[in-house]
Amino acid sequence: MAAVPAGETQFARMTQTPIPSLVSKLAVPTVISMLVSSLYNMADTFFVARIGTSAGAAVGIVFSVMALIQALGFTIGMGTGSLLSRLLGQKDIEEANKIVSTGFFSAMFLGLCISIPGLVFLNPFMLFLGSTPTILPFAKSYAFYILMGAPLMCGAFVLNNILRAEGKAAFSMVGLTTGGILNIILDPLFIFGFGMGTAGAGAATLISQAISFIILLQFILRGKSVSRISFFSIPRAGKYFASAMLIASTGFPSLCRQGLASVSTMMLNRSASFYGDAVVAGFAIVLRITMFISSIMIGIGQGLTPVVGFNYGAGKFRRVRDAYFFTVATGFVILSVSSVLLFIFAPDIIRTFSSREEVIAAGTVVLRWQCLALPFHPVIISTNMMMQATGKIGIATFLSSNRQGVFFIPLVTILPALWGLSGLEAVQSIADLLSFLTAAPFAFFFLQKLSRLEERHNV
């Protein structure tokens, strides 16, 4: 009997496995990867905060740089992954190879476009992001290594999304968690053992990102994926730019989502800096904590994405709807329980990062505001990812721009002017509520459309 091709086996798995089992199997490794990644970001904050308040605030400043790198990496990665899952659903392996090769090498180039000017203009760059004179030395030493690793980080995002889009989330988990665990181990060694301070945190992150990149790349080079990365698969001349633009346009919602995260963090830091380093440090701590919890929902959502892409491409519209409802319900339960616990123990959680009362006071209020908004995230994230995975780029772009752009930017300008620090502390939660109210109608009408497509498909 002839062997069944790997692509055929994967197609059958993605279009026939029961939805709860399939989404869970894809989501669990992704959630673990996201949690470990968020954990090492929290570890940076935890250990660097031990140096002093200004050093701890530097982590929040440099987060804008990391968000910018993530924006480009996610744009190319999600664009590549979304197209790949639909092409595999259509069994077009040759075009899939062109897309993944174009995406990977484009991401590495874009990483260099961040790294080189960022390092050349490091001092004014950090000041622009909201650094105060006392925070600046710490921010520069940390950002130096982050910028050095930008090409590898961008490339890793694409490799990660290729594996996830093919339903190989377990391989992705190995690469990301290995790097994350290594980062957590190296942080105290470099910061305190080698006496490098905030530079040590940056160096630990650079090394861990390089290890993750190597592990993810070797999975693909060793043939563990259906698609292949090769220079020879890159389309020539005008066809390359057409493929690159298709990837970028498909991933554009991710650029809006992550790019605006960088802008909103910068604006938040600049506003918080008027109230002193302690407030900047408090916001930085809360940002890491809420990222850790939100990463659960993002991980579940990334388990949803290949399921939606594969089944939409294969005309299995009921499975798309079932996957969406399962993802939203699961995320709502998890984030609601997390919100209650975080709200109750907010002061104690902030205290683990800083002993300064000003930092604890500011962080507690912001964290509790965030707890009120976390249960809205499942609808916001799942709707956005469903639209992006099905090629509804205009809608996905609009939705991804809301939370930290369309709503956040006016609010971060208006609310502090009206209510000072109290207004600033509530900005993100109010933006989340408005984003939820915007996403819900789009989800409803799109799911109705899927029902009609299903009826026509079965006629």
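Anything mentioned here points back to the structure above.
Residues numbered from 1 in each chain as written. Predicted model: local features only at pLDDT ≥ 70, side-chain atom pairs only at ≥ 80, totals over all residues. Heavy atoms only, no water.

(A) Up close: the packing of aromatic side chains. Across all of its chains, the model carries 16 aromatic pairs by this definition. Aromatic side chains F104 and F213 sit 6.1 Å apart centroid to centroid with 20 degrees between the ring planes, which places their arrangement in the stacked category. In this pair, F104 sits in helix α4 (residues 93–120) while F213 sits in helix α9 (residues 198–221), placing the two residues 109 residues apart along the sequence. For F104, a relative accessible area of 6% corresponds to the buried category. With a relative accessible area of 10%, F213 lands in the buried category. Taken together, the ring pairs connect F46, F47, F192 and F353 into an aromatic cluster. The aromatic ring of F46 is capped on one face by R50, whose charged end is 4.1 Å from the ring centroid. Taking NZ or CZ as reference, R270 lies 5.8 Å from the ring centre of F128, over its face. (Phe/Tyr/Trp six-rings, centres within 6.5 Å; stacked < 30°, edge-to-face > 60°. Helix = DSSP H or I, 4+ residues; strand = E, 2+ residues; numbered from the N terminus. Buried < 20%, exposed > 50% of the residue type's maximum accessible area, 1.4 Å probe, protein only. Lys NZ or Arg CZ within 6 Å of the ring centre and 35° of its normal.)

(B) Highlighting the environment of L399. For L399, the position within the fold is in helix α17 (residues 393–406). Under the relative-accessibility criterion, L399 is labelled buried at 5%. On a C-alpha basis, the gap between L399 and P235 in space is 32 Å, while along the polypeptide they are 164 residues apart. Apart from residues no more than four positions distant in its own chain, L399 is found in contact with T383, N384, M387, T438, A439 and F442. (Contact = heavy atoms within 4.5 Å.)

(C) Region of interest: the pattern of salt bridges. Counting across every chain of the model gives six salt bridges. Put simply, E454 and R321 hold a salt bridge, and the shortest N to O gap is 2.9 Å. Taken as a pair, E454 in helix α18 (residues 408–458) and R321 in helix α13 (residues 317–344) lie far apart in primary sequence, 133 residues in all. Considered together, E454 and R321 belong to a single accessibility category, that of buried residues. The shortest N-O distance in the salt bridge between R356 and E358 comes to 3.2 Å. E358 sits in the partly exposed class, given a relative accessible area of 44%. Several salt bridges converge on common partners, so that one network encompasses R318, R321 and E454. (Salt bridge = Lys/Arg side-chain N within 4 Å of Asp/Glu carboxyl O.)

(D) How the structure looks around the state of the cysteines. Scanning the entire structure with this criterion turns up zero disulfides. Here C113 stays unpaired: no disulfide links it, and the sulfur of C154, its closest cysteine neighbor, is 9.4 Å away. Residue classification places C113 among the partly exposed positions, given a relative accessible area of 40%. (Disulfide = S-S within 2.5 Å.)

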